[in-house]
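Observations on chain architecture
Chain residues, written in single-letter form:
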Amino acid sequence: MPIQTFPHPFNLPLQGSVPASGNLTIQFGPPNNQIWTIEQITLKMLTAPVGATAEIHYMNAFVDVAPSARRASAAENPPIILQGGETASVVWENCTVGDIGEVLVIYRKDAY
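Here goes a summary of the coordinates provided.

Definitions and cut-offs
- Residues numbered from 1 in each chain as written.
- Predicted model: local features only at pLDDT ≥ 70, side-chain atom pairs only at ≥ 80, totals over all residues.
- Heavy atoms only, no water.
- Helix = DSSP H or I, 4+ residues; strand = E, 2+ residues; numbered from the N terminus.
- Rg over C-alpha atoms; globule rule 2.2 N^0.38 Å.
- Buried < 20%, exposed > 50% of the residue type's maximum accessible area, 1.4 Å probe, protein only.
- Contact = heavy atoms within 4.5 Å.
- Lys, Arg positive; Asp, Glu negative; His and termini not counted.
- Charge placed at Lys NZ, Arg CZ, Asp CG, Glu CD.
- Salt bridge = Lys/Arg side-chain N within 4 Å of Asp/Glu carboxyl O.
- Pairing = 2+ DSSP bridges.
- Axes fitted to C-alpha atoms, helices over the stretch in contact; angles between N-to-C directions.
- Polar contact = N/O pair within 3.5 Å; in protein donor to acceptor, adjacent residues only side chain to side chain.

For the rest of this paragraph, the subject is the overall build of the chain. A tally of regular secondary structure across the chain gives 0 helices and 10 strands. When its helices and strands are written in sequence order, the chain yields β-β-β-β-β-β-β-β-β-β. Taken over C-alpha atoms, the radius of gyration comes to 14 Å for the chain, in line with the 13 Å a tight globule of 112 residues would show. Each of the three principal axes of the chain carries a C-alpha extent, and together these read 50 × 25 × 20 Å. When the 112 residues of the chain are sorted by exposure, 36% land in the buried category. Considering only contacts within the chain whose residues lie at least 6 apart along the sequence, 81% involve residues at least 24 apart. Put simply, the chain has 5 plus and 9 minus side-chain charges, and the middle of one group is 10 Å from the middle of the other.

Dropping the structure here:
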């Protein structure tokens, strides 16, 4: 089956609340019939305490650390490419229970 390429980027807004552990993971990835090329990941937790950290993971492996747990934007070079069933995530640690973490994923999509 041929691959269908979509000409414009897509936005995927996600959010979650920090549980009792103080750590929040927001995971994302394409359905089985798509490939996503991640162009940008923006993260925000404006109430993150001093000492909180945020990282980007690909298939549960560390990729990059955000310069701030409160607000950061990253465009990976080379880009993260996710095939159907693969996942990436933003992981905050040492946060306050109940704080809200937000992620905006900008990606290009191919379908097959």
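With that settled, consider the pattern of salt bridges. All chains considered together, the criterion is met by 1 salt bridge. Here Glu 39 makes a salt bridge to Arg 108, at a shortest N to O gap of 2.5 Å. Placement of the pair is Glu 39 in strand β4 (residues 34-44) and Arg 108 in strand β10 (residues 100-111), with a sequence separation of 69 residues. A residue is classified by how much of its surface remains accessible, and Glu 39, at 32% relative accessible area, is partly exposed. Owing to a relative accessible area of 31%, Arg 108 belongs among the partly exposed residues under this scheme.

Moving on: the sheet that holds strand β9 (residues 88-93). Taken together, the 4 strands give an open sheet; going across it, the order is β3-β9-β5-β6, and neighbouring strands pair in antiparallel fashion. The strands lining the two open edges of the sheet, one partner per strand, are β3 (24-28) and β6 (61-65). This sheet shows a mean twist of 25° between the axes of neighbouring strands, independent of strand direction.

Here we take up the pairing of strand β8 (residues 80-83). Only one face of β8 is covered, namely the face carrying Ile 80 and Leu 82; the face carrying Ile 81 and Gln 83 is uncovered. Where β4 meets β8, 4 bridges bridge the pair, whose relative direction is antiparallel. Looking at the pairing, Ile 35 lines up with Gln 83 of β8.

Attention now goes to the side chain of His 57. Checked against the element boundaries, His 57 lands in strand β5 (residues 53-58). On the basis of relative accessible area, His 57 is assigned to the buried category, the value being 14%. Polar side-chain contacts of His 57 include one of 2.8 Å to the side chain of Glu 55. Setting aside residues up to four positions removed in sequence, His 57 forms contacts with Phe 62, Val 63, Ala 88, Ser 89 and Val 91.

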